[in-house]
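# Geometric and topological summary
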Amino acid sequence: MKPIYLDHNATAPLDPRVLETMLPYFTRDFGNPSSLHSFGRTARQALEAARAEIARQLNARESEIVFLSGGTEANNLALRGYALQHRERGHHIIASRVEHPSVLNTLKALEKEGFECTLLATDRYGRVDPQQVAAAIRPETILISIMHANNEVGTLNPVGQIGALARERGIAFHCDAVQTFGKLSLNVQTLPVDLLTISAHKIYGPKGVGALYVRRGVSISPQLYGGSQEQHLRAGSENLPGIAGFAEAARLIGRERDALAQRIGRLRDEFQATLQQRIPDLVINGHPEQRIYNTLNISIPGCPGDMLLLNLDMKGIAVSTGSACNAGKVKSSHVLTAMGLSSRLSGSALRFSLGRDNTREEIDYVVTELTAIVQRLRSK
Ligand SMILES: Cc1ncc(COP(=O)(O)O)c(C=O)c1O
C-alpha cells in the first residue's frame, strides 16, 4: 500500500493543476512585476489577476490583499504592523493561549518592546469565550487576535462575535484563518475582521506564499524595508510563481469546497466513531461540533503519542502528535495544556488531519493498524 498521509493541517500536497499554472512563471513569463517593459507588464498582469482571485474568494477589494511569504509572515505583519503603528493609542493586546507560535512568539517579541499581552485560556474544547475577551478589554487595548480554527484540535472560535465586540469598542481585530481558508466560506463583508491571515500550502498550493487581508482604512506599518511593492507594505520582488499558484489553488478549492467538506467530513466522522468503538478509554480532543471537518485529535491513555506516531510511521501512516520532542524531552502541546488536559492525556495525543485524496480503504487500514499498536503498547 502506498504511504497514507493524514497530516494535512501541517501541509498538503501541491495540486498538479496548480503546478501547471505556476510553471510558466519560472520559465517564459519570468519578468518582474515592477519592470516597465513587456516582460514586466506580463508579470504585473498575472500578479493582479492573482490578487483579484484571492480578493474574490474573501469578498474583499483587490487593494486589501497583500502577498507575503506565508501565514507566519502575515501574522507577524498583522501584529507588529498594527501594534507599532498605533502604539500611541495604547499598548495592550488580547489573544488566546492556543494561537499558532507565529502569533504567540510575535507577541512575546512585542512584550519586549513595551506592549502588554493578555493571553486568554479556553474552555476544555479549545474555544475562546467572547465574554472573557470582553472582560479583558482595557482602555489601552488596541488589538485583539483570535484564530478562526485551531490547527491542532480543529476547534472553531466564535470570531464573528469577537470581531463584533472589538468593533463596538473601536479595537482592531486580527484573525488567523490559515486553517479555515478553503475549508469554510469566508466573507469579509459579513465577518467583522480588520486583518485576516491566509496561507497557500494548506489548500494544495505551494509553500512559502500567503496573504494578509487589510481592511481599507486600517493602517499598519511595513516590517521589511526596501521597494514599494504590495502597496508599500511588503518590500521585495513578489514570488510570482507562488502567488499564481496560490490564486489557482484558492480558485479550485473555492469550487470544490462544499463537496470536499461533505465527503471528507463524513470520512472523519466515521473514522472517529470506529476508533471510539475499537479503542477503550479513547478521548476526543476538540469541540464535538464546532470543529473543522478534516481534523481528529485523540488521546489514547497509556500510549505515548511519540510511540504511536513512530509505530504508525513504520506502517506507512503519517500523522502528528500533540507534543514536540525537543532534545530528548517531550514537551506537551501548548494547545492541549491550555484546554486543561492532564499531561497523561496531552502526552498521548495524536492528530489526524484528512485531505482530498484520503479514501475509506486508507482509513480502514489505519483503524486496523492503530488498534493493533494500541493493544501492543498497552500490554507492555
Ligand atoms: C493556524 C496557523 N497559523 C499560521 C501558520 C503558519 O503558516 P505558514 O506555514 O504559511 O507560515 C500555520 C501553519 O501551520 C497555522 O496552522
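For the structure, check the block above.
Residues numbered from 1 in each chain as written. Predicted model: local features only at pLDDT ≥ 70, side-chain atom pairs only at ≥ 80, totals over all residues. Heavy atoms only, no water.

### Notes on the overall build of the chain
Summing up its helical and strand segments, the chain has eleven helices and 15 strands in all. Rg of the C-alpha trace for the chain: 21 Å, near the compact-globule value of 21 Å for 380 residues, within the 12% margin. Along the first, second and third principal axes, the C-alpha set of the chain runs to 70 × 55 × 40 Å. Residues counted as buried form 57% of the 380 residues belonging to the chain. A separation of at least 24 residues holds for 74% of the contacts in the chain among residues at least 6 apart in sequence. Put simply, the chain shows about 16200 Å² of open surface, and 52% of that area lies on carbon and sulfur atoms. Separation between the mean location of the 43 positive side-chain charges and that of the 37 negative ones in the chain comes to 2 Å. (Helix = DSSP H or I, 4+ residues; strand = E, 2+ residues; numbered from the N terminus. Rg over C-alpha atoms; globule rule 2.2 N^0.38 Å. Buried < 20%, exposed > 50% of the residue type's maximum accessible area, 1.4 Å probe, protein only. Contact = heavy atoms within 4.5 Å. Areas by Shrake-Rupley, 256 points an atom, 1.4 Å probe, with all protein chains shown as cover. Lys, Arg positive; Asp, Glu negative; His and termini not counted. Charge placed at Lys NZ, Arg CZ, Asp CG, Glu CD.)

### Re empty space enclosed by the protein
A full pass over the atoms with the stated rule returns two cavities of 30 Å³ or more. Considering the residues around the largest cavity, the lining is formed by 14 residues, among which K183, K202, Y204, Y293 and L354 are closest to the centre. Its residues assigned to classes, the lining of the largest cavity shows eight nonpolar, three polar and three charged. No fewer than three residues from each of domain 1 (4-11 + 257-378) and domain 2 (16-252) sit in the lining of the largest cavity. Put simply, the second largest cavity is a space of about 30 Å³. If you trace the second largest cavity, you find it lined by Q57, F181, G182, L184, L186, A250, I253, G254 and R257. Top contributing element to the lining of the second largest cavity by residue count: helix α7 (residues 240-278), with four residues. Classifying every residue of the lining of the second largest cavity gives five nonpolar, three polar and one charged. (1 Å grid on protein atoms, 1.4 Å probe; cavity = no way out; pocket = protein on both sides within 12 Å on 5 of 7 lines; lining within 4 Å. Points joined across faces, edges and corners; volume = space filled by probe spheres on them. Nonpolar A, V, L, I, M, F, W, Y, C, P; charged D, E, K, R; others polar. Domains from an automatic or database assignment.)

### Examining the packing of α7 against helix α11 (residues 360-378)
Between α7 and α11, the shortest axis-to-axis distance is 11 Å and the interhelical angle comes to 20°. Taken together, the axis directions place α7 and α11 in an arrangement best described as roughly parallel. Here α7 runs over α11; the crossing is right-handed. Between α7, through L267, E270, F271, T274, L275 and R278, and α11, the contact on the second element is made entirely by R360, I363, V366, V367, L370 and T371. Among the residues making up the contact of α7 with α11, the classes are represented as seven nonpolar, two polar and three charged. (Axes fitted to C-alpha atoms, helices over the stretch in contact; angles between N-to-C directions. Parallel < 35°, antiparallel > 145°, perpendicular 65-115°, else oblique. Left-handed = near helix turned anticlockwise from the far one by under 90°.)

### A closer look at helix α3 (residues 71-85)
The first and last C-alpha atoms of α3 sit 20 Å apart over 15 residues, in line with the 21 Å expected at 1.5 Å per residue. Counting buried residues in α3 gives eleven out of 15 residues, a clear majority hidden from the surface. Buried residues of α3: G71, E73, A74, N75, L77, A78, L79, R80, G81, Y82 and A83, and no others. (Expected span 1.5 Å × (residues − 1).)

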